[in-house]
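Read off the chains here:
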Amino acid sequence: MADTTAHPITASPGAKRIDPHEVGTDISRRDFLLIATGAFVAVGAAAAIWPFLDQMNPDASALALASVDIDLSGMEEGQSITVMWRGKPVFIRYRTEAEIQAAREVPLDGLRDALARNANLDPNAPATDENRAAPGNEAWLIQVGVCTHLGCVPLGQQGNFGGWFCPCHGSHYDTAGRIRLGPAPQNLPIPPLAFIGESEVRIG
Ligand code: FES
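## Quick notes on the overall build of the protein chain
Right, so step 1: The helix and strand tally for the protein chain stands at four helices and 12 strands.
Right, so step 2: Among the 204 residues that make up the protein chain, the fraction classed as buried is 43%.
Right, so step 3: The long-range fraction of contacts in the protein chain, counting pairs at least 24 apart against all pairs at least 6 apart in sequence, stands at 58%.
Right, so step 4: As presented, the protein chain carries roughly 9,800 Å² of accessible surface, and 58% of it is formed by carbon and sulfur atoms.

Here it is in structure tokens:
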């Protein structure tokens, strides 16, 4: 039976502590869709106000240092959670073998965006599944959940490629978060991250 407890979010020295209420935990596909739908509605407005918030922020350097530590030990294969990092949703998916395999079977020359868009790698690193997944933890895909078209929050485990679907204008991302169809120009970005324990990841 699926774990229904909230996943603890811990703070480390220098890390920003996230209020558990900021965290969406999806235990089933249905729950994920509900969370994602709510996020989408909220971000429809948020996309318009982000530039103002950016300008009003008096301490961008402090924000730039912000990081969050996420304990993933309660998650099971096939589950996803959404956490907030620097004011943006970050999707954390514990991918299934089938999802990993599907992503790896895609020829690189068939990708719209050939770059990994992974902040942990060289900017020119190719968009292989290995370069998209968390280093040393290929089952984990951790990416900023903001559509690269106009900034809506895509819905998980939907779309033509079983990854994410952005209903704003119909962008489809695959199980590695790579844009495959629709107007979005780039893959979903991978934030700076590192596993700091067997099942704990630091984002930022
Ligand atoms: Fe996602 Fe336009 S904002 S497709």
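From this point on, the discussion continues.
## Examining the nonpolar core
Right, so step 1: Core analysis: the biggest nonpolar cluster contains 29 residues, and I70, L72, I92 and I203 have the highest contact counts within it.
Right, so step 2: Among the secondary structure elements, those contributing two or more residues to this core are β3 (68-71), β4 (80-85), β5 (88-94), β6 (140-144), β8 (164-166) and β12 (200-203).
Right, so step 3: Apart from residues lying up to four places away in sequence, I92 is in contact with I70, L72, M75, Q79, S80, I81, V83, W140, L141, I142 and I203.

## Notes on the packing of aromatic side chains
Right, so step 1: One pass over the structure, following the stated rule, counts two aromatic pairs.
Right, so step 2: Aromatic pair F91 and W164: ring centres 6.1 Å apart, planes at 5 degrees, arrangement stacked. Of this pair, F91 sits in strand β5 while W164 sits in strand β8, and the two are 73 residues apart along the sequence. For the pair formed by F91 and W164, the shared burial category is buried.
Right, so step 3: Ring centres 4.4 Å apart and planes at 20 degrees place the aromatic pair Y94 and W140 in the stacked group. Linking Y94 in strand β5 with W140 in strand β6, this pair joins segments that are 46 residues apart in sequence.
Right, so step 4: Relative accessible area serves as the criterion here: at 9%, W140 is assigned to the buried category.

## Focus: the environment of L121
Right, so step 1: Within the element layout of this structure, L121 appears in the loop between α3 (97-104) and α4 (129-132).
Right, so step 2: For L121, a relative accessible area of 33% corresponds to the partly exposed category.
Right, so step 3: Residues L121 and P192, spaced 71 residues apart in sequence, show a C-alpha to C-alpha distance of 9.1 Å.

## Considerations on the pattern of salt bridges
Pairing between side chains of opposite charge can happen when the charged atoms of each approach one another.
Right, so step 1: Enumeration over the complete set of coordinates arrives at nine salt bridges.
Right, so step 2: Close ionic contact of R95 with D129 constitutes a salt bridge, the shortest N to O distance being 2.7 Å. Placement of R95 in the loop between β5 and α3 and of D129 in helix α4 is noted, with a sequence separation of 34 residues between them. Each member of the pair R95 and D129 is classed as buried.
Right, so step 3: Overlapping salt bridges bring together R95, R104, D129, E130 and E138 as one network.

## A few points about unusual backbone geometry
Phi is mostly negative for residues that are not glycine, and the peptide bonds are mostly trans.
Right, so step 1: Of note in this structure, R117 is not a glycine but carries a positive phi near 55 degrees.
Right, so step 2: With respect to the element layout, R117 can be found in the loop between α3 and α4.
Right, so step 3: On the accessibility criterion, R117 (28% relative accessible area) is partly exposed.
Right, so step 4: Its identity as a non-glycine residue notwithstanding, Q157 has a phi of 55 degrees, on the positive side.
Right, so step 5: Classification of Q157 by relative accessible area gives buried; the value is 14%.

## A few points about the state of the cysteines
Right, so step 1: By the definition in use, this model includes one disulfide.
Right, so step 2: Note on cysteine connectivity: C152 is disulfide-linked to C168, with sulfurs 1.9 Å apart. As the torsion about the S-S bond is roughly -95 degrees, the C152-C168 disulfide counts as left-handed. Taken as a pair, C152 in the loop between β6 and β7 (155-156) and C168 in the loop between β8 and β9 (171-173) lie far apart in primary sequence, 16 residues in all.
Right, so step 3: In this structure C152 comes out as buried when scored by relative accessible area, which is 10%.

Here is what the cut-offs are and how they apply
- Residues numbered from 1 in each chain as written.
- Predicted model: local features only at pLDDT ≥ 70, side-chain atom pairs only at ≥ 80, totals over all residues.
- Heavy atoms only, no water.
- Helix = DSSP H or I, 4+ residues; strand = E, 2+ residues; numbered from the N terminus.
- Buried < 20%, exposed > 50% of the residue type's maximum accessible area, 1.4 Å probe, protein only.
- Contact = heavy atoms within 4.5 Å.
- Areas by Shrake-Rupley, 256 points an atom, 1.4 Å probe, with all protein chains shown as cover.
- Core = buried A, V, L, I, M, F, W, Y, C linked by side-chain atoms within 4.5 Å.
- Phe/Tyr/Trp six-rings, centres within 6.5 Å; stacked < 30°, edge-to-face > 60°.
- Salt bridge = Lys/Arg side-chain N within 4 Å of Asp/Glu carboxyl O.
- Disulfide = S-S within 2.5 Å.

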